[in-house]
Amino acid sequence: MPRYLEHRRTCREAPLPPCQKVYVASISLCQDTPSEEHCSCKRSLYGLFLQYGRILDVVPLKIEKLPEVKHGLYSVNLLLREEGTNNPQEKRKKQEEKAEKKRNAKEVQQSGAADGAFQGKPEPEDAVTTLNNILFIQNLPHETTSMMLQILFQQYPSFREVRMINAKPSITFVEFEDDVQSSIAMQSLQGFKITPHNPMAISYAKK
DNA sequence: AGCACA
């Protein structure tokens, strides 16, 4: 039995915690025929939403008003994770991050650097600042699939395709039709976490 | 950290 189904079964059998919130998200998706239990989109949605809480179900939606869209729209129903329900590892990491922020703030003060310290120094004309209709994504967790990335990026207009690199699973390229659209997608998804430990780092691809 | 495909 696939892991995402195991997870769902556990959810059904386990007594529910005092009800938090039920979150419903609808997302337009892939072309796969959703043969009930194994559709790659469904699996990807489980993968993407697991971090937010206890997934009750991923339900294909029927859209009568859009007869040409037979499938590809799902709602994800889940109980949002309560604050502080995260595992101890995460807690520790958060504490470390806080401590580091403090340290950094001190260093800045001591060196006398103000907010405008870098004003006047022109940014180097490198890949980070050069617009491109292709985005370069880094820091992806191993379990990332191109379907997951497609779900994330195709919600922005003029999405073209995701190209993963087999040899380097933690990076990928996402193409849009122009650099205006790619920039919007970049801003919106910058730092998006597929797992709590992997905020994605998005920059423009090198020309 | 890292930049592939055409």
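As shown above, the structure is provided for reference.
Residues numbered from 1 in each chain as written. Chains lettered and ligands numbered in written order. Predicted model: local features only at pLDDT ≥ 70, side-chain atom pairs only at ≥ 80, totals over all residues. Heavy atoms only, no water.

Enquirer: What is the right way to look at the packing of aromatic side chains in this model?
Expert: How two aromatic rings sit relative to each other is set out by the distance from centre to centre and by the angle between their planes. Inspection of every chain in the model, using the stated rule, returns three aromatic pairs. For the pair phenylalanine 153 and phenylalanine 176, a centre-to-centre distance of 6.4 Å together with 65 degrees between the ring planes defines the contact as edge-to-face. Remark: phenylalanine 176 occurs in strand 6 (residues 168–176) and phenylalanine 153 occurs in helix 4 (residues 146–153); sequence separation between them is 23 residues. Judged by its relative accessible area of 0%, phenylalanine 176 falls in the buried class. Members of the aromatic cluster, connected to one another through ring pairs, are Phe153, Phe159 and Phe176. (Phe/Tyr/Trp six-rings, centres within 6.5 Å; stacked < 30°, edge-to-face > 60°. Helix = DSSP H or I, 4+ residues; strand = E, 2+ residues; numbered from the N terminus. Buried < 20%, exposed > 50% of the residue type's maximum accessible area, 1.4 Å probe, protein only.)

Enquirer: Got a minute to help me understand the side chain of asparagine 198 in this structure?
Expert: Assignment of secondary structure puts asparagine 198 in the loop between helix 5 (179–189) and strand 7 (201–204). Taking the relative accessible area as the measure of exposure, asparagine 198 reaches 15% and is therefore buried. Other than its neighbours up to four places away in sequence, asparagine 198 contacts Asn139, Leu140, Pro141, Phe192 and Lys193. (Contact = heavy atoms within 4.5 Å.)

Enquirer: What is the right way to read helix 5 from this model?
Expert: Buried within helix 5 are the following residues: Gln181, Ser182, Ser183, Ala185, Met186 and Leu189. Its buried side turned inward, helix 5 meets strand 4 (134–138), helix 4, strand 6 and strand 7. For helix 5, the N-terminal cap is aspartate 178; the gap from its side-chain oxygen to the backbone nitrogen of valine 180 is 2.9 Å. Where helix 5 ends, the next residue or the one after it, glycine 191, has phi of about 80 degrees, a positive value. (Polar contact = N/O pair within 3.5 Å; in protein donor to acceptor, adjacent residues only side chain to side chain.)

Enquirer: Please clarify how the nonpolar core should be interpreted in this entry.
Expert: Soluble globular proteins tend to bury their nonpolar side chains together. Core analysis: the largest hydrophobic core is formed by 32 residues, its most contacted members being Leu135, Phe153, Ile194 and Met200. At six residues, the largest contribution of residues to this core is made by helix 4. The two domains that each donate at least three residues to this core are domain 1 (21–80) and domain 2 (134–204). For leucine 135, the residues in contact, after removing those within four places along its chain, are Phe153, Thr172, Phe173, Val174, Phe176, Ser182, Ala185, Met186, Ile202, Ser203, Tyr204 and Ala205. (Core = buried A, V, L, I, M, F, W, Y, C linked by side-chain atoms within 4.5 Å. Domains from an automatic or database assignment.)

Enquirer: So what exactly am I meant to see when it comes to the protein's contact with DNA strand B here?
Expert: The local shell around DNA strand B holds 14 residues, among which Phe136, Gln138, Arg163, Ser170 and Lys206 are the closest. Each atom of DNA strand B within 4 Å of the protein was classed as base or backbone; sugar and phosphate made up 18%. Between DNA strand B and glutamine 138, the relevant distance is 3.0 Å, taken from a base nitrogen to a side-chain nitrogen or oxygen of the residue. Within the side chain of arginine 163, one N or O atom sits 2.4 Å away from a base nitrogen of DNA strand B. Grouping the constituent residues of the surface near DNA strand B by class yields eight nonpolar, three polar and three charged. (Near = heavy atom within 4 Å. Nonpolar A, V, L, I, M, F, W, Y, C, P; charged D, E, K, R; others polar.)

Enquirer: Honestly, the pairing of strand 5 (residues 159–165) in this entry has me stumped. Any pointers?
Expert: Two faces make up the sheet, and in a regular strand the side chains alternate between them. Taken together, the six bridges between strand 5 and strand 6 define a ladder with antiparallel strand orientation. Residue pairing for strand 6: phenylalanine 159 is matched across the bridge by phenylalanine 176. (Pairing = 2+ DSSP bridges.)

Enquirer: So what exactly am I meant to see when it comes to the environment of asparagine 133 here?
Expert: Looking at the secondary structure, you find asparagine 133 in the loop between helix 3 (88–111) and strand 4. Discounting residues that sit within four places of it in the chain, asparagine 133 has contacts with Arg160, Val174, Glu175, Phe176, Glu177, Asp178, Asp179 and Ser182. Within polar-contact distance, the side chain of asparagine 133 engages the backbone oxygen of phenylalanine 176 at 2.9 Å.

Enquirer: Which parts of the structure should I look at to understand the pattern of salt bridges?
Expert: Side chains that differ in sign of charge can pair as their charged atoms come close. With the rule as written, the count across this model stands at three salt bridges. A salt bridge links arginine 160 to glutamate 175; its shortest N-O distance comes to 2.8 Å. Of this pair, arginine 160 sits in strand 5 while glutamate 175 sits in strand 6, and the two are 15 residues apart along the sequence. Classification of glutamate 175 by relative accessible area gives buried; the value is 12%. Two residues, glutamate 175 and arginine 163, come together in a salt bridge whose shortest N-O distance is 2.8 Å. With a gap of twelve residues between them, glutamate 175 in strand 6 and arginine 163 in strand 5 connect regions that are remote in the sequence. (Salt bridge = Lys/Arg side-chain N within 4 Å of Asp/Glu carboxyl O.)

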